[in-house]
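Descriptive structure summary
Letter by letter, the chains look like this.
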Amino acid sequence: MRVEAGEVHGFLGPNGSGKTTTLRTLLGLIRSDGGRMSILGQEVPAALPQIARQVGAIVESPQFFPHFSARDTLSLLAGAGEVPQQRVDEVLELVGLRDRAGERVKTYSLGMKQRLAVASALLKNPKLLILDEPANGLDPGGIREMRTLVRNLAESGMTVVLSSHILGEIQLICDSVTIISLGRRVAYGPVDEVLAQHSGGGVRVRLEAVMDLPLAANALHGNGYRVTANQDHLMVAGVDKPATITRLLAEQGLYVSELAPVTVDLESVFLELTNTAPVPGQHRQVDQSVRVDGAAPSAPTGGGWGA
């Protein structure tokens, strides 16, 4: 897995695929059995003491003292991390909690606790921010606010690694993705390229006369196209130049009323890739490496790396 500096990178996989294990290993919370990891060009875990102040992370559900207010919680973390106290109000403003900063954490909803967790990870103004399911418990408005926050952080130069099961959000917010299944990478790259690789060059074809669909299917099949017939249209795969479909059918006296490319979304690609079972007995060598060019980790508080 490679994360470029300044981008928002989506880290995706089914439950149990190894996402959280990967993040915890990268942050030095658990030991790896092998492989290579680097942050900011430095090998970890050996370099963690040097680069730890440059990363904020929330992995799994962080825990807070329930009787502390949000401001007290962040003030305590700021003091432990030698962060100026003025930063507390700055991060509360960033995550939209400033007006309720004096309330006890035990009165917070799950979504508000998630925002407090993000605030704790932002205290040191890190170069790299790692968020494991940051939208967990948020309502649609909260999810939109989280999306805006992450994009603003990226625009300010911060690198963000984002693990989430809300694939529509990942598609909207991320520049690139890594998809894993059963501990192995099954897709990687810019979001648009990953989608394009799995669109199959498919087009939907409708004719002026529905009764001509069988003739059109035979004509296309005879010219090497993969055709799936439906009640009122044809799905044609492997089309490099859609205009050739129109010309080919017109030569047969068959006239197209609609020719539309079939687009795929990240959810359909994800399901296609992660539902593929490995061949029994088949093993392959894997380059077990993680490289994050954006930045590095801070000190653990509960389930996260905050101040």
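Above this text you will find the structure in question.
In this section: the packing of aromatic side chains. For the structure shown, the criterion picks out one aromatic pair. Geometrically, the ring pair formed by Phe-65 and Phe-68 is tilted, given 5.1 Å between the ring centres and 45 degrees between the ring planes. Accessibility expressed as a relative area gives 53% for Phe-65, which makes it exposed.

Now for unusual backbone geometry. Between Val-44 and Pro-45 the backbone carries a cis peptide bond, its omega angle lying at 15 degrees. One can find Pro-45 in the loop between strand 4 (42-43) and helix 2 (48-51). Phi at Glu-82 takes a positive value of approximately 55 degrees, unusual for a residue other than glycine. Relative to the helices and strands, Glu-82 is located in the loop between helix 3 (70-80) and helix 4 (86-94). The backbone of Asn-125 shows a phi angle near 50 degrees, a positive value even though the residue is not glycine. Along the polypeptide, Asn-125 turns up in the loop between helix 5 (110-122) and strand 6 (128-132).

With that out of the way, let us pick up empty space enclosed by the protein. Tallying each qualifying case throughout the model produces one cavity of 30 Å³ or more. Reported here for the largest cavity is a volume of approximately 100 Å³. Around the largest cavity, the lining residues are Pro-134, Ala-135, Ile-143, Met-146, Arg-147, Val-150, Leu-162, Ser-164, Glu-169 and Ile-173. Among the elements of the structure, helix 6 (140-155) and helix 7 (167-173) are those that each provide at least two residues to the lining of the largest cavity. It is helix 6 that provides the largest number of residues to the lining of the largest cavity, a total of four residues. Split into classes, the residues belonging to the lining of the largest cavity amount to seven nonpolar, one polar and two charged.

What counts as what
Residues numbered from 1 in each chain as written. Predicted model: local features only at pLDDT ≥ 70, side-chain atom pairs only at ≥ 80, totals over all residues. Heavy atoms only, no water. Phe/Tyr/Trp six-rings, centres within 6.5 Å; stacked < 30°, edge-to-face > 60°. Buried < 20%, exposed > 50% of the residue type's maximum accessible area, 1.4 Å probe, protein only. Helix = DSSP H or I, 4+ residues; strand = E, 2+ residues; numbered from the N terminus. 1 Å grid on protein atoms, 1.4 Å probe; cavity = no way out; pocket = protein on both sides within 12 Å on 5 of 7 lines; lining within 4 Å. Points joined across faces, edges and corners; volume = space filled by probe spheres on them. Nonpolar A, V, L, I, M, F, W, Y, C, P; charged D, E, K, R; others polar.

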